[in-house]
Amino acid sequence: MRFIHTADLHLDSPFLGLTSMPKPLWERVHSSTFTAFQKIVDDAIALKVDFILISGDIYDRDQQSIAATDFFIKQCERLNQAHIPVYLLYGNHDYQIVQDTGELPANVHIFGNRVTTTTLTLANHDSVAISGFSYDQRWIQEDQVQKYPSKRNETWHIGMLHGAVRQRQDNHYAPFTTDELIAKNYDYWALGHIHKHQFLNEKPPIVYSGNPQGRHKNEAGQHGYYLVESQGNKLVPQFKPIAEIEWISLTVNALSTSNLAEVERSLSQAIDGKLKNSPFQLVELTIANIEQLSPTIRHLLANGDVLEHLQDQNADNGKWWIYDLLLHQQNLLPSMTDLDEQYWQQAAQEVFTPANIAELTKSLARDADLAAKLTNLDLQQLKQATTQLLRRED
Ligand SMILES: [Mn+2]
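Every value quoted in this text rests on a predicted model; they were computed, and no experiment measured them.

Colleague: Got a minute to help me understand the coordination of the manganese ion in this structure?
Modeller: Reference values for angles at a metal are 109.5 degrees in the four-donor tetrahedral case and 90 or 180 degrees in the six-donor octahedral case. The manganese ion binds to the protein through Asp8 (OD), His10 (NE2), Asp57 (OD) and His195 (NE2), with metal-donor distances spanning 2.1 to 2.3 Å. As a motif over one chain, the donors of the manganese ion read D-x1-H-x46-D-x137-H. You can see His10 sitting in the loop between β1 (2–6) and α1 (23–30) and its partner Asp57 sitting in the loop between β2 (51–55) and α3 (66–81), a full 47 residues away along the chain. For His10, a relative accessible area of 0% translates into the label buried. On the basis of relative accessibility, which here comes to 1%, the residue Asp57 falls in the buried class.

Colleague: Where do I start with helix α2 (residues 32–46) in this structure?
Modeller: Count 3.6 residues to each turn of an α-helix, and residues three or four apart come out pointing the same way. Taking 1.5 Å of rise per residue, 15 residues should cover 21 Å, and α2 covers 21 Å from first to last C-alpha, within 8% of that figure. Within the span of α2, buried status applies to Ser32, Thr33, Phe34, Ala36, Phe37, Ile40, Val41 and Ala44. Elements in contact with the buried residues of α2: β1, α1, β2, α3, β11 (224–231) and β13 (245–253). Downstream of α2 by one or two residues, Lys48 has phi in the positive range, about 50°.

Colleague: Help me out: how do you make sense of the packing of aromatic side chains in this one?
Modeller: Each aromatic ring pair is specified by the distance between its two centres and by the angle formed by the two planes. Applying the stated criterion to the full structure yields 15 aromatic pairs. Ring centres of Trp247 and Tyr323 lie 5.2 Å apart, and the angle between their planes is 75°; this geometry places the pair in the edge-to-face category. Linking Trp247 in strand β13 with Tyr323 in strand β15 (residues 320–327), this pair joins segments that are 76 residues apart in sequence. With a relative accessible area of 6%, Trp247 lands in the buried category. On the accessibility criterion, Tyr323 (17% relative accessible area) is buried. Among the aromatic residues, ring-to-ring pairing joins Phe34, Phe37, Tyr59, Phe71 and Phe72 into one connected group.

Colleague: Please clarify how the pattern of salt bridges should be interpreted in this entry.
Modeller: Opposite charge on two side chains makes pairing possible when the charged atoms of those side chains draw close. Summed over all chains, the structure comprises eleven salt bridges. Linking Glu142 and Lys147 is a salt bridge whose minimum nitrogen-to-oxygen distance equals 3.2 Å. Ionic contacts of the salt-bridge type, sharing partners, join the residues Arg28, Lys39 and Glu244 into one network.

Colleague: How should the sheet that holds β1 be read in this particular structure?
Modeller: Within a sheet, neighbouring strands are paired by backbone hydrogen bonds and run either parallel or antiparallel to one another. Within the open sheet, the six strands sit side by side as β4-β3-β2-β1-β11-β12. Their pairing is mixed. Looking along the sheet, the strands with just one partner apiece sit at the ends: β4 (108–110) and β12 (234–241). The sheet shows a mean angle of 20° between the axes of neighbouring strands, direction not considered. Relative to β11, β1 is paired through four bridges, and the arrangement is antiparallel. Paired with Ile4 across the two strands is Leu227, which belongs to β11.

Colleague: Would you mind going over the side chain of Asp8 with me for this structure?
Modeller: Turning to its location among the elements, Asp8 is positioned in the loop between β1 and α1. Buried and without a salt bridge, Asp8 has Arg215 as its closest oppositely charged side chain, separated by 7.4 Å. For Asp8, the side chain forms a polar contact with the main-chain nitrogen of His193, separated by 2.9 Å. Engagement of the side chain of Asp8 in a polar contact is seen with the side chain of His195, the distance being 3.1 Å. For Asp8, the residues in contact, after removing those within four places along its chain, are Gly56, Asp57, His162, Gly192, His193, Ile194, His195, Asn211 and Pro212.

Calculation notes
- Residues numbered from 1 in each chain as written.
- Predicted model: local features only at pLDDT ≥ 70, side-chain atom pairs only at ≥ 80, totals over all residues.
- Heavy atoms only, no water.
- Donors = N, O, S within 2.8 Å, 3.2 Å for Na, K, Ca; no water.
- Helix = DSSP H or I, 4+ residues; strand = E, 2+ residues; numbered from the N terminus.
- Buried < 20%, exposed > 50% of the residue type's maximum accessible area, 1.4 Å probe, protein only.
- Expected span 1.5 Å × (residues − 1).
- Contact = heavy atoms within 4.5 Å.
- Phe/Tyr/Trp six-rings, centres within 6.5 Å; stacked < 30°, edge-to-face > 60°.
- Salt bridge = Lys/Arg side-chain N within 4 Å of Asp/Glu carboxyl O.
- Pairing = 2+ DSSP bridges.
- Axes fitted to C-alpha atoms, helices over the stretch in contact; angles between N-to-C directions.
- Lys, Arg positive; Asp, Glu negative; His and termini not counted.
- Polar contact = N/O pair within 3.5 Å; in protein donor to acceptor, adjacent residues only side chain to side chain.

Laid out in structure tokens, this is it:
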């Protein structure tokens, strides 16, 4: 058996705040939630999966445009042509009273507002039970998991659930505990609602697929879907990244020069060096160490001129776009963990003492010039310079 688990398509997400982009790029960004699902359908057909699961939030309630609905119907129709069933439920963003499948083709099974179980038989005669329910309102605070049946005689049992792990308070999204899910004895839990892909449990897999396309900077990093395949009596999920656009935060040290063109060139080069060729990256750039820059350049950074230049210069590089530029007073600390930092500060306190420096100068006594320079060095400066050397990446 082989199936695809996705959720949280949020078709037609508005991507607010990116309107200063060149039009072709904006169109690519704006269509990315559509493109992501289209790629999932492409893969489903190419890989001849047995079915697709969509665990809620196909639409954003405010964005449930005709374009989004039409697109979704068309993609389901493609799957219908390929004889691939779709099992879906609605979540907190597209909650609705489910009466029938509406305009969707016959291969689409929509879970109603109460937990139900549907079964299908695969070509190899394996039987698969799938349980789930759709939201009929924005909040579902009552425990739903107790309404899911335990696994019976089917070869495989899969739970679909749009919800969040129970917290101390504010449990608005069909709250559950991982133990509760494990107790059902299912072979796989296809979760929706949390947009970052992750496992809550390995055996059996209890998995959030995340959304196939990140929609803002808080949804940075890789996005995609899970391809799940049977291996013996286990179901094994494999993450498949497919997002067209990725969000990333980068920090770059400012170059100490008063030449604007040079500063801009070095920033572009630094970004280029840090990024892969694909997918396209939307960059929030932080410039560290800005006290090294001349007041004029600092002013141009602060008033948005440098951002505008960088956007113009890199408008069609096909790799990345800076959507925001932040300034940071302090030195860039990329390669030290908190623990390293603690050790370094302790060690530095012991190393950079006047006595140690005097000792060092004594051993350099033959080079009178260097000795004089060292003696005059400000200990703070020396410590800072060494710290920077230690922190240099690679
Ligand atoms: Mn969602």
